Amino acid sequence: MESGKEIGYRFELARGFLEEAELDYSLKRWRTCVSHSILVIENTGLAILMLFGVSSLTHKPGLHLSRLISEGTVSEEIAALIEEILPDLQKYDSHLKMLAKYGDEAEFRLPWKIFDEEKGVAAIEAARKCMRVSTEIAELAK
């Protein structure tokens, strides 16, 4: 895949998962709302990384985006936007993705018991913000 196509693909994945998260939200399916929101957040983070030539083969885009900022690879304007979503990228990482899939096996808590309305609302708000901010960053990076 070409770089531009890969980035576009990541954004399309994020948009598709956001549509599913919005449907889950409207139906009060909190576990799937969180799960789909996590995929939005992860894919927007990966798309941003790819805009700056960083491989998408990571499940922790927040870590790599922090490095781009500390190395001075991005402009101050883009760094400020990345910093706006870094807490979400760090919070909704692979650990929460695993909880949404498998639950807490050590405590025998099923995923449907872990994610309630409060967690669903927080996750979709983070996903919406990541979608908005990543789109702004993509425009600035052109």
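Now for a quick tour of the structure. A quick note: this is a predicted structure, and the numbers were derived from the prediction, not measured. (Residues numbered from 1 in each chain as written. Predicted model: local features only at pLDDT ≥ 70, side-chain atom pairs only at ≥ 80, totals over all residues. Heavy atoms only, no water.)

**What to know about helix α4 (residues 76-91)**
Phase 1 of the analysis: When the terminal C-alpha atoms of α4 are compared, their 23 Å separation across 16 residues agrees well with the 22 Å that a helix rising 1.5 Å per residue should span.
Phase 2 of the analysis: Remark: the principal bend of α4, roughly 40 degrees, maps to Ile85, with a proline, Pro87, within the next four residues.
Phase 3 of the analysis: Residues of α4 that are buried in the fold lie against α2 (30-51), α3 (61-70) and α7 (117-140). (Helix = DSSP H or I, 4+ residues; strand = E, 2+ residues; numbered from the N terminus. Expected span 1.5 Å × (residues − 1). Bend = angle between axes of the 7 residues up to and from the residue. Contact = heavy atoms within 4.5 Å.)

**As for the environment of Val74**
Phase 1 of the analysis: Looking at the secondary structure, you find Val74 in the loop between α3 and α4.
Phase 2 of the analysis: Each C-alpha atom, one on Val74 and one on Arg10, is 20 Å from the other, the two residues being 64 residues apart in sequence.
Phase 3 of the analysis: Non-local contacts of Val74, meaning those with residues more than four positions away in its chain, are made with Phe52, Leu68, Ile69, Ala79 and Ile82.

**Section: the pattern of salt bridges**
Phase 1 of the analysis: Evaluation of the coordinates by the stated rule reveals 10 salt bridges.
Phase 2 of the analysis: Note that Glu42 and Lys97 form a salt bridge whose closest N and O atoms lie 3.0 Å from each other. Taken as a pair, Glu42 in helix α2 and Lys97 in helix α5 (residues 94-102) lie far apart in primary sequence, 55 residues in all.
Phase 3 of the analysis: Assessed through its relative accessible area of 11%, Glu42 is described here as buried.
Phase 4 of the analysis: Among the residues examined, Lys97 registers a relative accessible area of 13% and is labelled buried.
Phase 5 of the analysis: In this structure, Glu84 and Arg132 form a salt bridge, with 2.9 Å as the shortest nitrogen-oxygen distance. (Salt bridge = Lys/Arg side-chain N within 4 Å of Asp/Glu carboxyl O. Buried < 20%, exposed > 50% of the residue type's maximum accessible area, 1.4 Å probe, protein only.)

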